[in-house]
Amino acid sequence: IASQLEARNIVIEPQTKRGGKARYISKVAVIKVSYTIAKNNTARAGLRVIYMRITAPDGTVLHRQASDKFQFEDQQILYSARKNFEYGGQELNDVMYYTVTETLSKGKYEVELFADGKMVGGGSFEYKK
């Protein structure tokens, strides 16, 4: 458990095509997620993969293709985006993006981050109009 990565300071920013804040769900073109991987001297250094999973209010996962899956616990689950990163044990600030191609509906969206087969952080955002 001590060697597990942890994502902190997670900021979720739904954006318009031009990169501004999307005030309405119909204007969301990109979901930007900024985060910090915490310093951990006991975690192994090296190339890692972080997965972002965005779940819509109806429970569906926003994703590109049916093959966009990774191992979590004892099953293969869908992810919205993935990114390779080099971890050296020090604090690491990073950003991931998901380009929206689906029609989004009003409600609460859950964002989860995974690394090494574990959930390392998450957050949510909501649109009422």
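The rules we used
- Residues numbered from 1 in each chain as written.
- Predicted model: local features only at pLDDT ≥ 70, side-chain atom pairs only at ≥ 80, totals over all residues.
- Heavy atoms only, no water.
- Phe/Tyr/Trp six-rings, centres within 6.5 Å; stacked < 30°, edge-to-face > 60°.
- Helix = DSSP H or I, 4+ residues; strand = E, 2+ residues; numbered from the N terminus.
- Buried < 20%, exposed > 50% of the residue type's maximum accessible area, 1.4 Å probe, protein only.
- Polar contact = N/O pair within 3.5 Å; in protein donor to acceptor, adjacent residues only side chain to side chain.
- Contact = heavy atoms within 4.5 Å.
- Salt bridge = Lys/Arg side-chain N within 4 Å of Asp/Glu carboxyl O.
- Pairing = 2+ DSSP bridges.
- Axes fitted to C-alpha atoms, helices over the stretch in contact; angles between N-to-C directions.

Details of the packing of aromatic side chains
- All chains considered together, the criterion is met by 7 aromatic pairs.
- Centroid distance Tyr-51 to Tyr-79: 5.1 Å. Interplanar angle 55 degrees. Geometry classified as tilted. Taken as a pair, Tyr-51 in strand β3 (residues 46-55) and Tyr-79 in the loop between β6 (75-78) and β7 (81-87) lie far apart in primary sequence, 28 residues in all.
- Note on Tyr-51: relative accessible area 15%, which makes it buried.
- Ring centres 5.1 Å apart and planes at 5 degrees place the aromatic pair Tyr-109 and Phe-125 in the stacked group. With Tyr-109 in strand β9 (residues 107-115) and Phe-125 in strand β10 (residues 118-127), this pair connects stretches of sequence that are 16 residues apart.
- Owing to a relative accessible area of 0%, Tyr-109 belongs among the buried residues under this scheme.

Side note on the side chain of Thr-36
- For Thr-36, the position within the fold is in strand β2 (residues 30-37).
- For Thr-36, the side chain forms a polar contact with the side chain of Asn-93, separated by 2.6 Å.
- Those residues in contact with Thr-36 that lie beyond four places of it in its chain are Glu-6, Ala-7, Arg-8, Asn-9, Glu-91, Leu-92 and Asn-93.

Quick notes on the pattern of salt bridges
- All told, the structure shown has 7 salt bridges when counted by the stated rule.
- Between Asp-116 and Arg-48 there is a salt bridge, with the nearest N and O atoms lying 2.7 Å from each other. In this pair, Asp-116 is assigned in the loop between β9 and β10 and Arg-48 in strand β3, connecting sequence segments 68 residues apart.
- By relative accessible area, which is 40% here, Asp-116 ends up partly exposed.
- Here Asp-94 and Lys-83 are joined by a salt bridge, their closest N and O atoms 2.6 Å apart. Taken together, the residues Asp-94 in strand β8 (residues 92-99) and Lys-83 in strand β7 connect sequence positions 11 residues apart.
- Judged by relative accessible area, which is 16%, Asp-94 ranks as buried.
- Classification of Lys-83 by relative accessible area gives partly exposed; the value is 27%.

Quick look at the pairing of β9
- Of the strand pairs in this sheet, β3 and β9 are connected by 6 bridges, and their pairing is antiparallel. Bridge assignment links Arg-53 to a residue of β9, and that residue is Glu-112.
- Taken together, β9 and the strand that follows it, β10, pair antiparallel across an intervening segment of 2 residues, in which Asp-116 is found at a positive phi of about 55 degrees.

Comments concerning the sheet that holds β2
- Here 3 strands make up an open sheet; going across it, the order is β1-β2-β8 and the pairing antiparallel. Unpaired on one side and paired on the other, β1 (7-15) and β8 mark the two borders of the sheet. Adjacent strand axes in the sheet meet at a mean angle of 15 degrees when their direction is disregarded.
- Taken together, the 8 bridges between β2 and β8 define a ladder with antiparallel strand orientation. Within β8, the position partnered with Thr-36 by the bridge is Asn-93.

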